[in-house]
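Spelled out, the chains give:
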Amino acid sequence: MSVLRTLLTCTLLFAISAGAQEVEFTLVSGDPGMVNHWPDADAHIGTVDDHVSASCSPRHCSGTNALGSYSYNAFDFGVFPDDTGIPPGGYEAISFLEGTVSIDMDVAVNGGGPLVTAMSISGTEPFNGHGAYVASIAVVNSGSYNPAGKAFTLNVDLEAAIGGPPDTSLDFDLSGTAWIIDAADFGNITGDTYLDDVLLPRAIAQSATSLVYIRMMGTVPPAEGGTWGAMPLLAEVLGFTDAVSTETTDWGTLKANY
């Protein structure tokens, strides 16, 4: 990135974030009922069509959902599309996610600029030998959100460390839909079956104070340092605030901590 571009993007980021009411959501994982659940044809985790398996995917050997996570990235490497348990449409590898996503709550209510202000994740290995990885939004360049229709767009610079030094994809365009719901509205019907039947009951069960649910897709640009090439991506992200952990424990586990 040039010095001029760095100055411009930093100036834009300052303008975007000035006065923003930013809230950080934690991606939902650690649900014992979701361990080894994969999204299938409907692209959702936690529905009746889930592929449930403790084995890696057959073609690329994507790592299992040992995290019990509701969030994932699915990738199209252009080699062997439509693997078992992975959403159709050419996607052939998957990575289950933990981490955080930050939302501009002013934009969530009123619309306008970028809804997502930050994201930092770790992911399970999308294919055998890849290993786990970390990724984050380095810069939010632009974006839009329509609270009525839930449509959003986002352009970011993405930074990731994949088995080596960090590399960056510039001008990564994402688009999709996003819901931000406070606990006071968890009992209301949204009309989205997945939200109404799976995610909102989960939020209530975990005593969450608010929920963010994002469906998005785009094509990751080639990395500036050549670490990865262009690859289409489909993602679902579910985050709660102030939720009670779903992880279970027993006396043996407690004793092991001391």
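Residues numbered from 1 in each chain as written. Predicted model: local features only at pLDDT ≥ 70, side-chain atom pairs only at ≥ 80, totals over all residues. Heavy atoms only, no water.

**Points about the overall build of the protein chain**
Point 1. Within the protein chain, the regular secondary structure consists of 4 helices and 11 strands.
Point 2. When burial is assessed residue by residue, the protein chain has 47% of its 258 residues classed as buried.
Point 3. Relative to all contacts within the protein chain whose residues are 6 or more apart in sequence, the contacts with residues 24 or more apart total 62%. (Helix = DSSP H or I, 4+ residues; strand = E, 2+ residues; numbered from the N terminus. Buried < 20%, exposed > 50% of the residue type's maximum accessible area, 1.4 Å probe, protein only. Contact = heavy atoms within 4.5 Å.)

**Description of the state of the cysteines**
Point 1. Counted by the stated rule, this structure contains 1 disulfide.
Point 2. Across a sulfur-sulfur distance of 1.9 Å, Cys56 and Cys61 are joined as a disulfide pair. Here Cys56 and Cys61 share a disulfide; its torsion about the S-S bond, -90°, makes the bridge left-handed. (Disulfide = S-S within 2.5 Å.)

**Details of the nonpolar core**
Point 1. Judged by nonpolar contacts, the single largest core of 37 residues is most densely connected at Val101, Ile103, Leu115, Leu154, Ile180, Ile214 and Met216.
Point 2. When sequence neighbours within four positions are dropped, the list of residues in contact with Val101 reads Val23, Glu24, Phe25, Leu27, Val116, Ala118, Met119, Val212 and Val237.
Point 3. Counting residues in each nonpolar core, the second largest holds 27 residues, with Ala43, Tyr91, Leu200 and Leu238 among its members. (Core = buried A, V, L, I, M, F, W, Y, C linked by side-chain atoms within 4.5 Å.)

**Observations concerning unusual backbone geometry**
Of all residues except glycine, most have a negative phi; of all peptide bonds, most are trans.
Point 1. Of note in the backbone geometry, Asn36 takes a positive phi value of approximately 65° without being a glycine.
Point 2. By the secondary structure assignment, Asn36 is in the loop between β1 (22-27) and β2 (37-38).
Point 3. Asn36 gets classed as buried once you look at its relative accessible area, which sits at 18%.
Point 4. Although it is not a glycine, Lys150 sits at a positive phi angle of roughly 70°.
Point 5. Inspection of the secondary structure assignment puts Lys150 in the loop between β7 (133-145) and β8 (151-161).

**As for the confidence of the model for the protein chain**
Point 1. Across the protein chain, the average pLDDT comes to 89, with 87% of residues at 70 or higher.
Point 2. Throughout residues 1-19 the model reports pLDDT below 50, and contacts reaching past four residues in sequence, or to other chains, amount to 17 contacts.
Point 3. For residues 248-258, every residue scores under 50 in pLDDT, and the model assigns this stretch 2 contacts once sequence neighbours within four places are set aside. (pLDDT = per-residue confidence, 0-100.)

**Considerations on helix α3 (residues 193-205)**
Point 1. Taking 1.5 Å of rise per residue, the 13 residues of α3 would be expected to cover 18 Å, and the 18 Å separating its terminal C-alpha atoms lies within 8% of that figure.
Point 2. At Leu199, α3 is bent by approximately 35°, the largest bend along its length, and proline Pro201 sits one to four residues beyond.
Point 3. Of the residues making up α3, those classed as buried are Tyr194, Leu195, Asp196, Val198, Leu199, Leu200 and Ala203.
Point 4. Elements in contact with the buried residues of α3: β9 (167-182), β10 (210-220) and β11 (231-241).
Point 5. Where α3 begins, the capping side chain belongs to Asp192, and its oxygen is found 3.3 Å from the backbone nitrogen of Tyr194.
Point 6. Following α3 by one or two positions, Ser207 adopts a phi angle in the positive range, close to 55°. (Expected span 1.5 Å × (residues − 1). Bend = angle between axes of the 7 residues up to and from the residue. Polar contact = N/O pair within 3.5 Å; in protein donor to acceptor, adjacent residues only side chain to side chain.)

**Thoughts on the pattern of salt bridges**
For side chains bearing opposite charge, pairing can occur when the charged atoms are close.
Point 1. Tallying each qualifying case throughout the model produces 4 salt bridges.
Point 2. For the salt bridge of Arg59 with Asp83, the shortest nitrogen-to-oxygen distance reads 3.8 Å. Of the two residues, Arg59 is situated in the loop between β3 (51-52) and β4 (72-75) and Asp83 in the loop between β4 and β5 (93-104); the sequence distance between them amounts to 24 residues.
Point 3. Of the residues examined, Arg59 reaches a relative accessible area of 46% and is grouped as partly exposed.
Point 4. Residues Asp192 and Arg215 are paired through a salt bridge, measuring 2.5 Å at the closest nitrogen-oxygen approach. Taken together, the residues span a long stretch of sequence, with Asp192 in the loop between β9 and α3 and Arg215 in strand β10 at a distance of 23 residues.
Point 5. Exposure remark for Arg215: the relative accessible area of 25% places this residue in the partly exposed category.
Point 6. Connected via shared salt-bridge partners are Asp192, Arg215 and Glu236. (Salt bridge = Lys/Arg side-chain N within 4 Å of Asp/Glu carboxyl O.)

**Section: the packing of aromatic side chains**
Point 1. Tallied over the entire structure, the rule returns 5 aromatic pairs.
Point 2. On the numbers, 5.8 Å between centres and 85° between planes, the contact of Phe77 with Phe127 is edge-to-face. In this pair, Phe77 sits in the loop between β4 and β5 while Phe127 sits in the loop between β6 (116-123) and β7, placing the two residues 50 residues apart along the sequence.
Point 3. On the accessibility criterion, Phe77 (28% relative accessible area) is partly exposed.
Point 4. What links up through ring pairs into an aromatic cluster is the set Phe75, Phe77 and Phe127. (Phe/Tyr/Trp six-rings, centres within 6.5 Å; stacked < 30°, edge-to-face > 60°.)

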